[in-house]
Structure formats: structure tokens, C-alpha cells
Amino acid sequence: MNILILGGTSEASALASLLAERSIPAVYSYAGRVSSPKPQPLPTRVGGFGGVAGLVDYLKQAGITHLIDATHPFAEQMSRHALAAAAQCDIPLMAFTRPAWQPQPGDHWTHAASIDEAVDQLDSPPQRIMLAIGRQHLEAFAAMPQHHYVLRLVDHPEQPIPLPHQTITVARGPFTTSGDLALLKDHAVERLVCKNAGGDGAVSKLTAARTLGLPVVMIERPRLPSRRECHALDDVLAWLLAPTERGV
């Protein structure tokens, strides 16, 4: 057995720790979007593979027998590449994912199917808006320059962000409800825009928004082809230790 974990999430880190404890051979792969990724107890590689063809080459050269996609729910391209590469190499693939967040009593959500739809929902008089969406898609919100945007990023941006009114806070989760309440209050945030990442590490901003009665624009996850998927470490381990089953 030789496993490749496509990581970058808390779930991937938990899986890496479990495999290391059990001395199961595995490699952890980071996309390389964060300047100082969390150290892992497994051999680690950082950076892209070069598309489906590059991933196929890596899987063959490294002798990978099982592929686990534990990337962020919005890493659509990588997840599609993983599906295609696993099929080409005839190795089993498991997606280790977080259940999506669901609205709770007291929430004021509007749903957006994409970043562009989320931008369209901000066609309103100026507000102070927190964008909890990472750094990749910030430029799209320049189409609504009337707002003041509060940005929470993992790293300081290397390039200027093209938003005329902005405040940047740099922090790495997991976050707390008390901390997010203070953040929203200190910056007088009036609306929250976020991706439906799921999990516990970043849910506190939704609890804080609910407490303050703030509206939330919730960007829904991209649709992916059908694949084998689980949400629990024990289920991943059971799949790995079951008799080899080809395909996805």
C-alpha cells in the first residue's frame, strides 16, 4: 500500500496523523497556495502536478496504490483532475470531505451558485462587508467598489488587492465564536460573504453572524461528478484496509 493524500484541510491533517501512527506508507501533497503550510508527520510534497497528465505520471512513478482527495470543497479543478487520473491509472479514489453547513434558526442566508452570483447580490448602497472567501476570487468584487471590504486571509497578500476600500486581517483557523464576534463588531461589519466550506474550523463566523442578526451570502459548493465519498476517519481507514477494489 502506498497512499497519496491531496491535502490542505484539517481533515487531511487528521488523516496524515492516523496513517503515521499506524506506519501506513503515504505521501501528503499541498497545493502550495499558503506560504508556510502546517508540518505533517508524513513525507510531504508542495506544488501542483501539471494537470491530469502530470498527476498520472506522479501516481505511476511513485507507485501510488490509493488516492485520497482531502482538498478544500472548493478545489474543484484538483478534484476533477484526481478523478480523471485515478481512472487512467486504475487505482481506487476516496473523497474525504466535510458535510456542508446548513442554515440554523435565526440565520439570514441568501444562496449564490458562484462567485459571480455573490458579487451580483452586493448591488446595493455602500456597506461594510466581510469577505471570508480566501484570496483567489477577491478581484471579482471590484465590480462592486462602493463597499468597504473586511478581508480575512491566511497570509499577507504579495500583490495589491484591487478593492478601493479594504481592511485586511491575517489569521489562521480554527477560529472561535468570541473571536469572530469581536472581529465583526470591531469592524462594524454589516454583511458576510463566505463559501460553504463546512466543518468546525470556520463555522464560528456563522454563529457570530447569527448572534448579531447579520445577513450572509452563502456561496454553494461546485458540482462534481459522482465519486466515492466519506466524512469520517474510521470510514477512510476501513476503506483502505478492505480488500482492494478498483475504480472510483
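The structure under discussion appears in the preceding block.
On a predicted model such as this, the values are computed, not experimentally measured, just so you know.

Trainee: It is not clear to me how helix α2 (residues 51-62) should be interpreted in this structure. Could you clarify?
Mentor: Note: α-helices contain 3.6 residues per turn, so residues at a spacing of three or four share the same orientation. For α2, with 12 residues, the first-to-last C-alpha span of 17 Å sits near the 16 Å given by 1.5 Å per residue. Burial in α2 covers these residues: G54, L55, V56 and L59. Residues of α2 that are buried in the fold lie against β1 (3-6), β4 (66-69) and α3 (76-89). One or two steps after α2, the chain reaches G63, where phi turns positive at roughly 65°.

Trainee: What am I meant to see in the packing of aromatic side chains here?
Mentor: Any aromatic ring pair is given by two values, namely how distant the centres are and how the planes are angled relative to each other. This structure, assessed with the given rule, holds three aromatic pairs. Geometrically, the ring pair formed by F141 and Y149 is edge-to-face, given 6.1 Å between the ring centres and 65° between the ring planes. Y149 shares its class with F141; the two are buried. Taking NZ or CZ as reference, R152 lies 3.7 Å from the ring centre of F175, over its face.

Trainee: Just checking my understanding: could you explain the sheet that holds strand β9 (residues 166-170) for this structure?
Mentor: Working definition: the strands of a sheet are paired by backbone hydrogen bonds and lie parallel or antiparallel to each other. If you trace the six strands from one edge of the open sheet to the other, you get β6-β11-β10-β7-β8-β9, paired in parallel fashion. The open sheet has two edge strands with one neighbour each: β6 (109-112) and β9. Geometrically, the sheet is characterised by an average inter-axis angle of 20° between neighbouring strands, direction not taken into account. Each of β6, β7 (128-132), β8 (148-153), β10 (191-195) and β11 (216-219) touches helix α6 (residues 204-212); the most contacted strand, β10, lies at about 155° to it.

Trainee: Looking at this structure, I do not really get a negative patch on the surface. What am I missing?
Mentor: A cluster of acidic residues, D116, E117, D120 and D123, forms a negative patch at the surface. One can find D116 in helix α4 (residues 115-120).

About the cut-offs
- Per chain, residue numbering runs from 1 following the sequence as it is written.
- Local features in this predicted model are restricted to residues of pLDDT 70 or higher, and side-chain atom pairs are both shown and tallied only at a pLDDT of 80 or more, whereas totals for entire chains, interfaces and linings draw on every residue.
- Calculation of side-chain values draws on the structure's entire complement of heavy atoms; hydrogens and water are dropped beforehand.
- Runs of E in the DSSP output that reach at least two residues are strands. Runs of H or I that reach at least four are helices, and both are numbered from the N terminus.
- One less than the number of residues in a helix, times 1.5 Å, gives the span that helix is expected to have.
- Whether a residue is buried, partly exposed or exposed follows from its accessible area with a 1.4 Å probe, protein chains only, as a fraction of its type maximum: under 20%, in between, or over 50%, in that order.
- Note on contacts: a residue pair qualifies if any of its non-hydrogen atoms lie within 4.5 Å across the two residues.
- Ring pairs are drawn from Phe, Tyr and Trp, using the six-membered ring of Trp, whenever the two centres fall within 6.5 Å, and their geometry is named by plane angle: stacked under 30 degrees, edge-to-face over 60, tilted for the rest.
- Placement of a charge over a ring requires the Lys NZ or Arg CZ to be within 6 Å of the ring centre, with the centre-to-atom vector within 35 degrees of the ring normal.
- Think of it this way: DSSP has to see at least two bridges between two strands before they count as a pair.
- In this description, a line fitted to the C-alpha atoms serves as the axis of each element, helices being fitted only across the stretch in contact, and the angle between N-to-C directions of two axes falls anywhere from 0 to 180 degrees.
- For patches, a residue must show more than 30% relative accessible area and have no salt bridge; joins then use 9 Å for like charges and 5 Å for nonpolar side chains, namely Val, Leu, Ile, Met, Phe, Trp and Tyr.
- All accessible areas in this document rest on Shrake-Rupley with a 1.4 Å probe, and a residue is counted as covered only by the protein chains that are shown.
- The rule for a salt bridge is simple: a side-chain nitrogen of Lys or Arg has to be within 4 Å of a carboxyl oxygen of Asp or Glu.
- Just so you know, the count uses Lys and Arg for positive and Asp and Glu for negative, and it drops His and the chain ends.
- Throughout, a charge is located at the NZ atom of Lys, the CZ atom of Arg, the CG atom of Asp or the CD atom of Glu.

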